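Structure at a glance
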Amino acid sequence: MRAILISGVPGAGKTTVAQLLAARFPRSAHVEGDVVGHDFIVNGLVPPQGPPADEAEAQLLLRRRNICLLADSFADAGFLPVIDDVVVSPAVLDTYLRLLRTRPFAVVQLVPDLAVVARRDAGRDKQVFALWQHLDAELRTRMPRVGLWLDSTDLSAVETVDRIEASLDEAVVA
């Protein structure tokens, strides 16, 4: 059994692509990072940017630990876990590599043009582009080129999933 992580900056299409990809497999589960991080906590949620910064960091680690536990639980039961989360730094990738037991582990980084991300964000209920657009530069300069990096600028969500499905072996990380 494998696990798949769909990453990218907010607005890159992670949730849509992860849901469509999971739907292509007979036994699959979509583990949505925002749901685990925001919807599970009833009181006391601190946003990823804080304040306070130390509690925001602790809650992000808790989010990722729970994502990995949930994904491993689904994999143990014979479901393919498809995770979506923002992974734009080596430290966060290392957290997933350390906490997620399921292997092989495939990482897909969606990297559409920033102008496309801004347009997509403008059409969403939750608009976060202004707050998080700086993550695109972080992703492109700090993140190691592991897994599958897919420029989805000119691709529909279905075309993006087609490319991912055809290239899953390229997406596996050590």
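Residues numbered from 1 in each chain as written. Predicted model: local features only at pLDDT ≥ 70, side-chain atom pairs only at ≥ 80, totals over all residues. Heavy atoms only, no water.

Focus: the overall build of the protein
Secondary structure summary: the protein contains 9 helices and 6 strands in total. Summarising its shape, the C-alpha atoms of the protein cover approximately 40 × 35 × 30 Å along the three principal directions. Out of the 174 residues in the protein, the part that is buried amounts to 44%. Restricting to contacts in the protein with at least 6 residues of sequence separation, those with at least 24 account for 76%. Of the charged side chains in the protein, 18 are positive and 23 negative; the average position of the first set lies 2 Å away from that of the second. (Helix = DSSP H or I, 4+ residues; strand = E, 2+ residues; numbered from the N terminus. Buried < 20%, exposed > 50% of the residue type's maximum accessible area, 1.4 Å probe, protein only. Contact = heavy atoms within 4.5 Å. Lys, Arg positive; Asp, Glu negative; His and termini not counted. Charge placed at Lys NZ, Arg CZ, Asp CG, Glu CD.)

Remarks on the pairing of strand 3 (residues 80-84)
A large share of strand 3 lies buried, amounting to 5 of its 5 residues. Neither face of strand 3 is exposed, since L80, V82 and D84 on one face and P81 and I83 on the opposite face are all buried. Judged from the 3 bridges that link them, strand 1 (residues 3-7) and strand 3 form a sheet pairing that is parallel. Note on strand 3: the bridge partner recorded for I4 is V82. Bridge analysis of strand 2 (residues 28-32) against strand 3 gives 5 bridges, and the strand direction is parallel. Note that in strand 3 the partner of E32 across the bridge is D84. (Pairing = 2+ DSSP bridges.)

A short note on helix 3 (residues 53-76)
Along its 24 residues, helix 3 runs 34 Å from first to last C-alpha, staying within 8% of the 34 Å computed at 1.5 Å per residue. Those residues of helix 3 that fall on the buried side of the exposure criterion are A56, Q59, R63, R64, I67, C68, A71, D72 and A75. Against strand 2, helix 2 (33-39), strand 3 and helix 4 (90-99) lie the buried residues of helix 3. Positive phi appears at G78, one or two residues downstream of helix 3, with a value of about 90°. (Expected span 1.5 Å × (residues − 1).)

Some thoughts on the layout of surface pockets
Its volume calculated, the largest pocket comes out at about 860 Å³. P10, K14, D34, V86 and W132 are, among the 40 residues lining the largest pocket, the residues nearest its centre. At the level of secondary structure, the elements contributing two or more residues to the lining of the largest pocket comprise helix 1 (14-22), helix 2, helix 3, helix 6 (129-132), helix 7 (134-142) and helix 8 (157-166). (1 Å grid on protein atoms, 1.4 Å probe; cavity = no way out; pocket = protein on both sides within 12 Å on 5 of 7 lines; lining within 4 Å. Points joined across faces, edges and corners; volume = space filled by probe spheres on them.)

Observations regarding helix 4
All buried positions along helix 4 are accounted for by V92, L93, T95 and Y96. For helix 4, the angular spread of the buried residues around the axis is 150°, confining them to a single face. Of the residues in helix 4, the exposed ones pointing more than 90 degrees away from the buried face are A91 and R98. In this structure, the buried side of helix 4 is in contact with strand 1, helix 3, strand 3 and strand 4 (105-110). (Arc of directions from axis to C-beta.)

A short note on the environment of L168
If you trace the backbone, L168 turns up in helix 9 (residues 168-171). A residue is classified by how much of its surface remains accessible, and L168, at 8% relative accessible area, is buried. Each C-alpha atom of the pair L168 and L148 lies 7.8 Å from the other, and the pair is 20 residues apart in sequence. With residues near it in sequence (within four places) discarded, L168 still touches R2, I4, F25 and A106.

Some points on the side chain of D85
As for its placement among the helices and strands, D85 is situated in the loop between strand 3 and helix 4. With relative accessibility at 1%, the residue D85 sits in the buried group. At a separation of 2.8 Å, a polar atom in the side chain of D85 contacts the side chain of R64. (Polar contact = N/O pair within 3.5 Å; in protein donor to acceptor, adjacent residues only side chain to side chain.)

Looking at the pairing of strand 4
Burial of strand 4 is extensive: 6 of the 6 residues sit out of reach of the surface. Along strand 4, one buried face is formed by F105, V107 and Q109 and the opposite face, lined by A106, V108 and L110, is buried too. Bridge count between strand 1 and strand 4: 5 bridges; the pairing is parallel. When the sheet's bridge partners are listed, A3 is paired in strand 4 with F105. Sheet topology note: the strand 4/strand 6 (residues 172-173) ladder contains 2 bridges and is antiparallel. Bridging from a neighbouring strand, A106 pairs with V172 of strand 6. Relative to strand 5 (residues 148-150), strand 4 runs parallel, the two being bridged by 3 bridges. Residue pairing in the sheet places Q109 in a bridge with W149 of strand 5.

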